[in-house]
Each structure stands twice: as structure tokens, then as C-alpha cells.
Amino acid sequence: MEKNIPTTQIQKCTLVIASPEIESGLFFRGVILICEHNPGGSFGILINKPLDLDLPEEIITLGEITNPHVSIRAGGPIQTNQMMLLHTQTQTEQQTLHVCDGVYLGGDLQLLHEMMTEDKDSPCIHLCFGYAGWTPGQLEREFLDGSWYIHPANERYIFHTEPENLWRTILRDMGGKYATLSTIPEDLSVN
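Residues numbered from 1 in each chain as written. Predicted model: local features only at pLDDT ≥ 70, side-chain atom pairs only at ≥ 80, totals over all residues. Heavy atoms only, no water.

**A look at the overall build of the protein chain**
Right, on to step 1. What the protein chain contains, in helices and strands, is 5 helices and 9 strands.
Right, on to step 2. Starting at the N terminus and ending at the C terminus, the protein chain contains elements arranged as β-β-β-β-β-β-β-α-β-α-β-α-α-α.
Right, on to step 3. Burial statistics for the protein chain: of 191 residues in total, 47% are counted as buried.
Right, on to step 4. Sequence-distant contacts in the protein chain: of pairs separated by 6 or more residues, those separated by 24 or more amount to 67%.
Right, on to step 5. Of the roughly 10000 Å² that the protein chain leaves accessible, carbon and sulfur atoms contribute 50%. (Helix = DSSP H or I, 4+ residues; strand = E, 2+ residues; numbered from the N terminus. Buried < 20%, exposed > 50% of the residue type's maximum accessible area, 1.4 Å probe, protein only. Contact = heavy atoms within 4.5 Å. Areas by Shrake-Rupley, 256 points an atom, 1.4 Å probe, with all protein chains shown as cover.)

**A word on the nonpolar core**
Right, on to step 1. Residues L15, L33, I45, I47, L86 and I158 are the most contacted members of the largest nonpolar core, which totals 40 residues.
Right, on to step 2. If we ignore the near neighbours within four places in the chain, the residues touching I47 are L15, V31, L33, R73, L86, I158 and L166. (Core = buried A, V, L, I, M, F, W, Y, C linked by side-chain atoms within 4.5 Å.)

**Quick look at the confidence of the model for the protein chain**
Right, on to step 1. The predicted model of the protein chain averages 88 in pLDDT, with 90% of residues at 70 or higher.
Right, on to step 2. Note that residues 1–6 has pLDDT below 50 and, in this model, 6 contacts with residues that lie over four places away or in other chains. (pLDDT = per-residue confidence, 0-100.)

**Remarks on the environment of P77**
Right, on to step 1. Locating P77 in the fold gives a position in the loop between β4 (70–74) and β5 (78–87).
Right, on to step 2. The exposure class of P77 is partly exposed, given its relative accessible area of 46%.
Right, on to step 3. Filtering out sequence-adjacent residues up to four positions away, P77 remains in contact with L26, F27, Y131 and A132.

**Focus on the environment of Q11**
Right, on to step 1. Along the chain, the position of Q11 falls in the segment before β1 (14–18).
Right, on to step 2. Since its relative accessible area comes to 37%, Q11 is described here as partly exposed.
Right, on to step 3. A sequence separation of 26 residues divides Q11 from H37, and the C-alpha atoms of the two residues are 5.5 Å apart.
Right, on to step 4. Ignoring any residue separated from it by four or fewer positions in sequence, one finds Q11 in contact with I34 and H37.

**Notes on the side chain of H126**
Right, on to step 1. Assignment of secondary structure puts H126 in strand β8 (residues 125–134).
Right, on to step 2. A relative accessible area of 3% means that H126 is categorised as buried.
Right, on to step 3. Here the side chain of H126 touches S71 through a polar contact of 2.6 Å, side chain to side chain.
Right, on to step 4. Ignoring anything within four residues of it in the chain, the contact list for H126 reads S71, R73, M84, L85, L86, I158 and F159. (Polar contact = N/O pair within 3.5 Å; in protein donor to acceptor, adjacent residues only side chain to side chain.)

**Section: the pairing of strand β3 (residues 41–46)**
Right, on to step 1. Taking burial as the measure, the 6 residues of β3 include 6 buried ones, the bulk of the element.
Right, on to step 2. Side-chain alternation along β3 places G41, F43 and I45 on one buried face and S42, G44 and L46 on a second face that is also buried.
Right, on to step 3. Here strand β2 (residues 31–38) runs beside β3; their pairing, made up of 6 bridges, is antiparallel. Bridge pairing in β3 places I32 opposite L46.
Right, on to step 4. Hairpin connection between β2 and β3: a loop of 2 residues separates the two successive antiparallel strands. (Pairing = 2+ DSSP bridges.)

**Quick look at helix α1 (residues 109–116)**
Right, on to step 1. Listed as buried for α1 are L111, L112, M115 and M116. Around the axis of α1, the buried residues are gathered within 125 degrees of arc, so they sit on the same side.
Right, on to step 2. On the buried face of α1, the contacting elements are β4, β5 and β8. (Arc of directions from axis to C-beta.)

**Looking at helix α4 (residues 163–174)**
Right, on to step 1. A rise of 1.5 Å per residue sets the reference length of α4, with its 12 residues, at 16 Å; its end C-alpha atoms lie 17 Å apart and thus fit the reference within 8%.
Right, on to step 2. Elements in contact with the buried residues of α4: β1, β2, β4, β9 (148–152), α3 (155–160) and α5 (176–181). (Expected span 1.5 Å × (residues − 1).)

And the structure:
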């Protein structure tokens, strides 16, 4: 098992985890994978909000999907009609953005069709609708104001942890006060 080294700065391959101060909306208990962070701003994909929707037939017919590792996610509040592919397909480095070890963003419809119809050693795929974005310095300010926690990303969190457990799992892995926060019930009236 890899060591969890604390992250002290936001960068590509960082998870941005919603603090309990975010009490509602799409980012409530959200976990965002930072895919790009530079002086021009930040771009990320929300990875723990499943969506239940049918894909348009021009993308793929549901009967053709043989890959058991396909999920559909709300990627963020910006351009929610735009689909982004977050996946583990390593043979596509020329046409995708390498986000972190074993995690890639991008690809065309042909690649999507190939990945979704593979059944032997099939890659994990999140079809993410929308994304999260911040202007220069905005995410850092929100982090310093206590809206977000940060932690290193890895393939296990992104593709192999159930989305409904991801927020809690990461906080527990961070230890200390974060582990205590992971036990807060979603609905405080149940407390």
C-alpha cells in the first residue's frame, strides 16, 4: 500500500475534498481531481457524484457495452452537456492528458467505443458530464478560507473506491482531525 504523504499545495494530480463548510449543492461532500493547475487557473473533474442517464445512441448503444468498469458521473457545474473521459487506458498517451499514475483524461469517440466494448483487461472509465473550474488564485483562496482540503490523488481513489464512500475514505486516510470529520453524518438532524 502506498504511503499517504500530506499535500501542501494544489497541483495536477491533487484531490480537492469539500470541507463540512460546504453544506449543500453539487460540491457537498464532493471530491474533485485536479487535472490542470497553472497561473491561468484550475480545472478539475468531480469524481464521486454518479449520474443515472442514458447515453445518446450516437455515442454507444447500451447493449454494446461489455466493459464492466464504466460509470457515468457529474463532472462539475460548468458545461454539463460536455462529456469528458477519465480512464485507465495506457495505450492512448498521444491523444490524452496524463493526470497521474494510471489516470488519463480525454480521447475521441472511437477510443471510447473501443474501451467500452473491451471485456478482457478492460480499462476503468468515468464518463464525466461537466467540469469544475477556477480563475487564477481562486482555488487557493477557497482552500485558505477552509472550503477545501487537499490530498494526493491515486488510481485507487479515482476508480476503485465506491463514490458514496470516497469523501469519508479519503478523510479517514488523512488521519487526525480529518478522520474525526469523516464520521460526521450527512444529515445532522440524525445526530
